[in-house]
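# Structural overview
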Amino acid sequence: MEGSVFTPSLEGMKHIKSPEGEMLAKPFLEVCKMILPVIDKFGSAMTLVKSDVGGNISRLEKKYETDSTKYKYLYNMVKEEVECKTATGSSSCTNGLLWLTRAMDFLVELFRNLLSHPDWTMTECCTDSYGKTLKKFHGWIASSSFTIAMKLAPDRKKFMEVIAGSGDVNADMEKFCSTFPQFLEENHKFLANFGLDDLKA
């Protein structure tokens, strides 16, 4: 593998915005997809996250593919649903974008923990980042399932070796954590404009 598992997403982030600064649907979803191999390396601890992320990417991609001109800009999907009053539906693209963004928040926080707390186990890193991000939006069942899954987190040293490839994984992880959150924050702000940022599971 050339570089670390973060290398493709770091490259992809350069293309998320149009020259006018608009969030582009396809490049944003592509970057989220590039994180899936990282989630894979967590094994069964991240099965829930992976299916959630994968499902939300598919939902948004399908919408994009119905009219790639109309939905070139990511937020056009949300604006349309807000106008049609379908944004809060559980199968809406708005809901998909919200949960995809939250899952990415969780992963960014997890990578930050790996960088900041070299003495923590993988389970500790996962549990702490879950508490800071997804937990408050999850009901009891989802929260319990997640907590059990975190106990299956792989050995930290092995995980870091697997995701390193031939690159400087710590430097790439740091770059990812300092670059990607600005896009996630923009999603949250946009959704908050319509009162859609605090929907629960």
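Note that residues are indexed from 1 along each chain, following the sequence as it is written. With pLDDT at 70 or above as the cut-off, local features in this predicted model cover only qualifying residues; side-chain atom pairs require 80 or more to be listed or tallied, and sums for whole chains, interfaces and linings still use all residues. No hydrogens and no water enter the side-chain calculation; it runs on all heavy atoms of the structure.

An unreviewed UniProt entry annotates the protein chain as Glycolipid transfer protein 1 of Hibiscus syriacus.

What counts as a helix is a DSSP run of H or I of at least four residues, what counts as a strand is a run of E of at least two, and both are numbered from the N terminus. For the protein chain, the helix and strand inventory stands at 11 helices and zero strands. If you list the helices and strands of the protein chain from N to C, you get α-α-α-α-α-α-α-α-α-α-α. We take the radius of gyration over the C-alpha atoms and set the globule estimate at 2.2 Å times the residue count to the 0.38 power. Its C-alpha radius of gyration of 17 Å places the protein chain within 12% of the 17 Å reference for a compact globule of 201 residues. Overall, the C-alpha framework of the protein chain stretches about 50 × 40 × 25 Å when taken along its three principal axes. Burial here depends on accessible area, computed with a 1.4 Å probe over protein chains only, as a share of the maximum for the residue type. Under 20% is buried, over 50% is exposed, and the range in between is partly exposed. Split into buried and exposed, the 201 residues of the protein chain put 47% on the buried side. Contacts between residues were defined by any pair of non-hydrogen atoms, one from each residue, lying within 4.5 Å. Within the protein chain, contacts between residues at least 6 apart in sequence are counted, and of these 73% link residues at least 24 apart. Note that accessible areas follow from Shrake-Rupley with a 1.4 Å probe, and for residues the cover is restricted to the protein chains shown. When the accessible surface of the protein chain is split by element, carbon and sulfur atoms take 55% of a total near 9800 Å². For this count, His and the chain ends are skipped, Lys and Arg are scored as positive, and Asp and Glu as negative. Just so you know, the charge point we use is NZ for Lys, CZ for Arg, CG for Asp and CD for Glu. Counting 25 positive and 27 negative side-chain charges, the protein chain places the averaged centre of each group 3 Å from the other.

We now examine the side chain of E61. Locating E61 in the fold gives a position in helix α4 (residues 47–66). Of the residues examined, E61 reaches a relative accessible area of 14% and is grouped as buried. Engagement of the side chain of E61 in a polar contact is seen with the side chain of K33, the distance being 2.6 Å. Look past the residues within four positions of E61 in its chain and what remains in contact with it is L29, E30 and K33. Polar contacts, as used here, are pairs of N or O atoms within 3.5 Å; protein pairs need one atom able to donate a hydrogen and one able to accept it. Residues neighboring in sequence count only if both atoms are side-chain atoms.

A few words now on the pattern of salt bridges. Here, a salt bridge means any Lys or Arg side-chain nitrogen found within 4 Å of an Asp or Glu carboxyl oxygen. Considering all chains together, one arrives at 12 salt bridges under this definition. Between K14 and E11 there is a salt bridge, with its nearest N and O atoms 2.9 Å apart. On the basis of relative accessible area, K14 is assigned to the exposed category, the value being 59%. For E11, a relative accessible area of 41% translates into the label partly exposed. One salt-bridge network, in which partners are shared between bridges, spans K26, E30, K33 and E61.

Restricting attention to buried positions, one finds in helix α8 (residues 140–150) the residues S143, F146, A149 and M150. Looking down the long axis of α8, one finds its buried residues gathered within 130 degrees of arc, a one-sided arrangement. Every exposed residue of α8 that faces more than 90 degrees away from the buried side is listed here: W140, I141 and I148. Working definition: the arc comes from the directions between the helix axis and the C-beta atoms, pointing outward to the latter.

Take the side chain of H188 next. With respect to the helices and strands, H188 occurs in helix α11 (residues 181–193). The exposure class of H188 is buried, given its relative accessible area of 12%. A distance of 2.6 Å separates the side chain of H188 from the side chain of D105, its partner in a polar contact. When neighbours within four sequence positions are excluded, H188 is seen to be in contact with T101, R102, D105 and D197.

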